[in-house]
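Chain and residue survey
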Amino acid sequence: MAAQPARTSLSGHDAALDGLRALAAGLVVATHAAFLTGSVTSLGLLGRILGRGDIGVAIFFALSGYLLYLGFLRWPGQPVGSYYLRRAARVLPAYLLTLAVVVAATRPAPRDALLHALGLQIYAPGSHLPAFSQSWSIATELSFYAVLPAAAFGVHALRSRNPQAPLRLLVVALPLAVLISGLTPGADLEVDVPVERWLPARSASFLVGMILAEVVMDPGHPISARVRRWLREPTALLAMAATTYLLATTPIAGLLTLGTVSGGQLAVKMALSCVICAILLGIVVLGPETAYTRALSSPVATWLGRISYGIFLWHLPVFTGLYAVTGVSYFAGGLIPLLAIGLPITLALAAASHAWVEEPIMRWAAGSRRRGARLDAR
């Protein structure tokens, strides 16, 4: 990987960020396909690699922490109302549409459907929907969206007294967040409240992105200088990320199948995922241009990244729908046929969702924000 001059993503958007979204979505798709077909336990090392694709969720969280916190760093006085409108427009319409299809097809208990519609499913016992189980992370995202403006305001106030304090505070908070995850009790999804999916237990992933945003915006900070030195060797760092991922497939990071993961295993899994997220995202926003960033910036990767939210939402309903229609048994193999049939359907639905639901509503929200700004200026 021949290194080129470092790239700094001050715009908050880089084509490679879309590619990283595609990578995260691909990992999530892989882990569900491997679980449903039993490949996690039947394919040896490959099965374990596919089964640990839930780290893709941590990558999504880190991306949210980076991009949204970067927005508050660049525009500390942005109206909170317009921020919430943009977040709601980005996440809720496509989510509620997918949920409506899942509810119509699977007929869950009205209580569970309502909890999912309100984004509260992680706060109630036994509200798990097997055909939409990945939706727990949307509830965690929504809680991050809710608290971020207050957190950003507090950091801004701290910065006014000591410009170097915010980055130091976030760096100290990261291992504390990992420790909190280790103190979180595990849960049986059928009967318990999944506390390990609440924001405090998952905050470390968001903090990784927030730290990188601070580094981008404050290159003269001593911590920033150290991070930038580390990122001068992207090849070695990517090898470290791959090794860390392999380590995460071992029992020290907990089960690869559904089951209770808590205590030390959850903390280890969180720590390993933070290392992976920091490397994969850090190289994109701060590192030199390499074959890795060029691959993430390719037309196919960026297109998949643009529709990655739809991929994330639709793949599991599509997979479970195929099982229902064909009558094939779960955990009986068939990974390749499931992906060969399910992926094209998922991509088609994701592209339609992006073109007909997500983009129009986001344009409407942006227009409403601009109209509100003009009215305020009068």
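Report follows, based on the coordinates. Computed from a prediction, not measured in an experiment: that's the story for all the values here. (Residues numbered from 1 in each chain as written. Predicted model: local features only at pLDDT ≥ 70, side-chain atom pairs only at ≥ 80, totals over all residues. Heavy atoms only, no water.)

**Quick word on the nonpolar core**
Side chains that are nonpolar tend, in soluble globular proteins, to be buried together. For clarity, the cut-off: Among buried residues, those of type Ala, Val, Leu, Ile, Met, Phe, Trp, Tyr and Cys that are joined through side-chain atoms within 4.5 Å constitute a nonpolar core. Exposure is judged per residue with a 1.4 Å probe applied to protein chains only, and the accessible area is read against the type maximum: over 50% gives exposed, under 20% gives buried, and values in between give partly exposed. Segments assigned H or I by DSSP are reported as helices when at least four residues long, segments assigned E as strands when at least two residues long, and all are numbered from the N terminus. It only takes one pair of heavy atoms within 4.5 Å for two residues to be counted as in contact.
Among the nonpolar cores identified, the biggest contains 102 residues, and Tyr66 and Leu281 are the most heavily contacted of them. Examining the composition of this core, we find that 14 residues originate from one element, helix α4 (residues 55–74), more than from any other. Here Leu281 is in contact with Leu17, Leu20, Ala62, Leu63, Tyr66, Gly209 and Leu212, once residues within four sequence places are set aside.

**A look at the pattern of salt bridges**
So the rule is basically this: We define a salt bridge as a contact between a side-chain nitrogen of Lys or Arg and a carboxyl oxygen of Asp or Glu at a distance within 4 Å.
In this structure the tally under the stated criterion is eight salt bridges. One salt bridge connects Lys269 with Asp54, and the closest N-O pair in it is separated by 2.6 Å. Taken as a pair, Lys269 in helix α12 (residues 263–286) and Asp54 in the loop between α3 (44–51) and α4 lie far apart in primary sequence, 215 residues in all. Among the residues examined, Lys269 registers a relative accessible area of 17% and is labelled buried.

**Notes on the packing of aromatic side chains**
Here is the rule we go by: A pair of aromatic rings is counted whenever rings of Phe, Tyr or Trp (Trp by its six-membered ring) have centres within 6.5 Å, and the orientation is called stacked for planes under 30 degrees apart, edge-to-face for over 60 and tilted otherwise.
Evaluation of the coordinates by the stated rule reveals eleven aromatic pairs. Look at Phe61 and Trp136: their rings are 6.1 Å apart centre to centre, the planes differ by 85°, and that puts the pair in the edge-to-face class. Taken together, the residues span a long stretch of sequence, with Phe61 in helix α4 and Trp136 in helix α7 (residues 136–161) at a distance of 75 residues. Trp136 carries the same exposure label as Phe61, and that label is buried.

**Re helix α14 (residues 299–306)**
One turn of the α-helix equals 3.6 residues, which is why residues spaced by three or four share an orientation. Quick reminder of the rule: The directions from the helix axis to the C-beta atoms are what the arc is built from.
Regarding α14, the residues found buried are Ala301, Thr302 and Gly305. All buried residues of α14 project into a common sector of 95° when viewed along the axis, lining one side. Projecting away from the buried face of α14 at angles above 90 degrees are the exposed residues Pro299 and Val300. If you follow the buried residues of α14, they end up packed against α1 (15–37), α13 (291–296) and α15 (308–326).

**Digging into α15**
So the rule is basically this: Between the first and last residue of a helix there are one fewer steps than residues, each counted as 1.5 Å, and that sum is the expected span.
Compared with an ideal rise of 1.5 Å per residue, which puts 19 residues at 27 Å, α15 spans 27 Å between its outermost C-alpha atoms and is within 8% of the ideal. Counting buried positions along α15 gives 15 out of 19 residues, so the element sits mostly inside the fold. Of the residues trailing α15, Gly327 is marked for its positive phi of about 75°.

**Quick look at unusual backbone geometry**
A negative phi angle is the norm for most residues apart from glycine, just as the trans form is the norm for most peptide bonds. Located in the positive-phi region is Arg107, a residue other than glycine, with phi close to 50°. Mapped onto the elements of the fold, Arg107 is located in the loop between α5 (80–106) and α6 (110–117). Positive phi, normally seen in glycine, also occurs at Phe331, with a value near 65°.

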